[in-house]
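So you can see what is in the structure, the chains are spelled out below.
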Amino acid sequence: MKALLTSFASGLVFALGLGISGMTQPIKVIGFLDFFGAWDASLAFVMAGAIAVYFVAYRIRATMPAPLLAPKFAIPTRNDLDVKLILGAAIFGAGWGLGGFCPGPALTSLASGAMPVFVFVVAMGLGMYLHSWVTEIRATASGLAISPANTTQDA
Amino acid sequence: MHNFTPIASLLGGMLIGLSASAMLLLDGKIAGISGILAGVLKPVAGDTRWRICFLAGLLTGGMALGVFLPTAFDFGIIRPLPMLIVAGLLVGFGTRLGSGCTSGHGVCGVSRLSPRSLVATATFVFTGALTVYLLNHLTGN
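The rules behind the values
- Residues numbered from 1 in each chain as written.
- Chains lettered and ligands numbered in written order.
- Predicted model: local features only at pLDDT ≥ 70, side-chain atom pairs only at ≥ 80, totals over all residues.
- Buried ≥ 20, exposed ≤ 12 C-beta atoms within 10 Å, placed from the backbone.
- Helix = DSSP H or I, 4+ residues; strand = E, 2+ residues; numbered from the N terminus.
- Contact = placed C-beta atoms within 7 Å.
- Nonpolar A, V, L, I, M, F, W, Y, C, P; charged D, E, K, R; others polar.
- Axes fitted to C-alpha atoms, helices over the stretch in contact; angles between N-to-C directions.
- Parallel < 35°, antiparallel > 145°, perpendicular 65-115°, else oblique.
- Left-handed = near helix turned anticlockwise from the far one by under 90°.
- Core = buried A, V, L, I, M, F, W, Y, C linked by C-beta atoms within 7 Å.
- pLDDT = per-residue confidence, 0-100.

**Comments concerning helix 5 (residues 102-111) of chain B**
Residues and elements named next belong to chain B.
Then, in step 1: Among the 10 residues of helix 5, 10 are classified as buried, and the element is accordingly described as predominantly covered.
Then, in step 2: Those residues of helix 5 not exposed but buried are Thr102, Ser103, Gly104, His105, Gly106, Val107, Cys108, Gly109, Val110 and Ser111.
Then, in step 3: Two residues or fewer past helix 5, leucine 113 is found with a positive phi of approximately 60°.

**Comments concerning the environment of alanine 9 of chain A**
All names here are of chain A.
Then, in step 1: Checked against the element boundaries, alanine 9 lands in helix 1 (residues 2-21).
Then, in step 2: A count of 19 C-beta atoms within 10 Å places alanine 9 in the partly exposed class.
Then, in step 3: Along the backbone, alanine 9 and alanine 41 are 32 residues apart, and their C-alpha atoms lie at a distance of 29 Å.

**Some thoughts on the interface of chain A and chain B**
Then, in step 1: With 105 residues of chain A in contact, the opposing surface of chain B contributes 103 residues.
Then, in step 2: Listed by contribution, the elements that provide at least two residues to the side of chain A that touches chain B are helix 1, helix 2 (26-33), helix 3 (42-61), helix 4 (83-99), helix 5 (103-109) and helix 6 (115-145) of chain A.
Then, in step 3: Counting residues per element, the side of chain A that touches chain B draws most heavily on helix 1 of chain A, which supplies 18 residues.
Then, in step 4: Class assignment for the residues of the side of chain A that touches chain B results in 69 nonpolar, 29 polar and seven charged.

**A short note on the packing of helix 3 of chain A against helix 1 (residues 6-27) of chain B**
Then, in step 1: It is the contact of helix 3 of chain A with helix 1 of chain B, at a shortest axis distance of 7 Å, that shows an interaxial angle of 30°. Judged by the inter-axis angle, helix 3 of chain A sits roughly parallel to helix 1 of chain B. Of the two elements, helix 3 of chain A crosses helix 1 of chain B, and the hand of that crossing is right-handed.
Then, in step 2: In the contact of helix 3 of chain A with helix 1 of chain B, the residues fall into 22 nonpolar, seven polar and one charged.

**Let's talk about the nonpolar core**
Then, in step 1: Core analysis: the largest hydrophobic core is formed by 78 residues, its most contacted members being Ala50, Phe92, Ala106 and Phe120 of chain A together with Ala20, Leu90 and Val107 of chain B.
Then, in step 2: With nine residues, helix 1 of chain B is the single largest residue contributor to this core.
Then, in step 3: What phenylalanine 92 of chain A contacts, discounting residues up to four positions off in sequence, is Leu90, Val91, Gly94, Thr95, Gly98, Cys101 and Phe124 of chain B.

**Examining the confidence of the model for chain B**
Then, in step 1: In this model, chain B carries an average pLDDT of 95, and 97% of its residues clear a pLDDT of 70 or more.
Then, in step 2: Among the scores for the predicted complex, ipTM is 0.96 and pTM is 0.94.

**A word on unusual backbone geometry**
All names here are of chain B.
Then, in step 1: Phi at serine 99 is positive, roughly 55°, even though this residue is not glycine.
Then, in step 2: Within the fold, serine 99 resides in the loop between helix 4 (81-97) and helix 5.
Then, in step 3: You will see that leucine 113, though not glycine, has its phi angle at about 60°, which is positive.
Then, in step 4: Looking at the secondary structure, you find leucine 113 in the loop between helix 5 and helix 6 (115-138).
Then, in step 5: Among the residues examined, leucine 113 registers 10 C-beta atoms within 10 Å and is labelled exposed.

In structure tokens, the structure reads:
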């Protein structure tokens with residue numbers, strides 16, 4: 001229960017941070033990405049502030065056997081670079097520059113009631129479903145391709 | 001450079017870092033928004049409630065902004081709807097394929113000095129800048 005309250009409070013503080021920092025304003029995001037135009041460096045300060053705090057938290061974590069309100073840490077452990085990571089980040093960046101919204105600010109901005117934000121969020125959700133469909137289709141296709149081998153193994 | 005807000009951006013960023021730190025040290029979770037949302041859209045048993053609570057907090061925070069800091073929703077630039085639809089599809093698909101977005105890779109991963117997140121962050125900032133550059137040139141801004 002306490003862990004769920006923490007999640008709620010963290011979401012709330014996260015949204016306030018996004019709003020205060022300027023991340024909910026596409027003009028600031030697009031201004032930051034406009035390196036060759038009227039560059040607005042503000043978002044570099046958002047990242048600097050967030051990373052400075054989290055950097056310390058991550059070092060505190062190293063001294064803790066478990067989180068305070070949960071049985072264990074759920075932290076990514078992969079270190080390998082693959083095509084999916086780079087291609088996915090490249091596609092995300094293109095969408096970020098195109099729309100001026102990334103997922104957190106878009107969800108937070110739903111509260112403004114602005115219809116274009118709603119349209120963006122629905123498209124973003126569809127994009128996520130699209131990814132899982134493509135993944136499933138590819139898994140099925142490769143499953144068919146290796147099925148003779150599976151059959152012999154089963155036999 | 002116009003519209004430069006270093007103090008507000010630094011303070012807001014620190015709040016984001018504080019929120020992500022609470023998720024880490026109290027709940028043991030990474031505050032990556034695209035991953036949190038994806039886990040609600042395709043729920044896994046026993047791993048959904050905290051995500052819903054976080055997203056409810058995000059929306060509640062948004063409503064608080066609407067009351068106490070309405071300028072947070074002075075979007076300044078709102079792209080035409082067809083462009084926003086394409087942008088949303090790219091953001092949704094790309095963040096799943098690349099396992100994260102600005103929060104998971106850009107804040108949490110970069111702070112951990114994760115090689116994957118450092119590469120992902122450099123990549124999405126680069127393609128984001130490239131997109132803005134091309135768009136400004138094509139539309140003559």
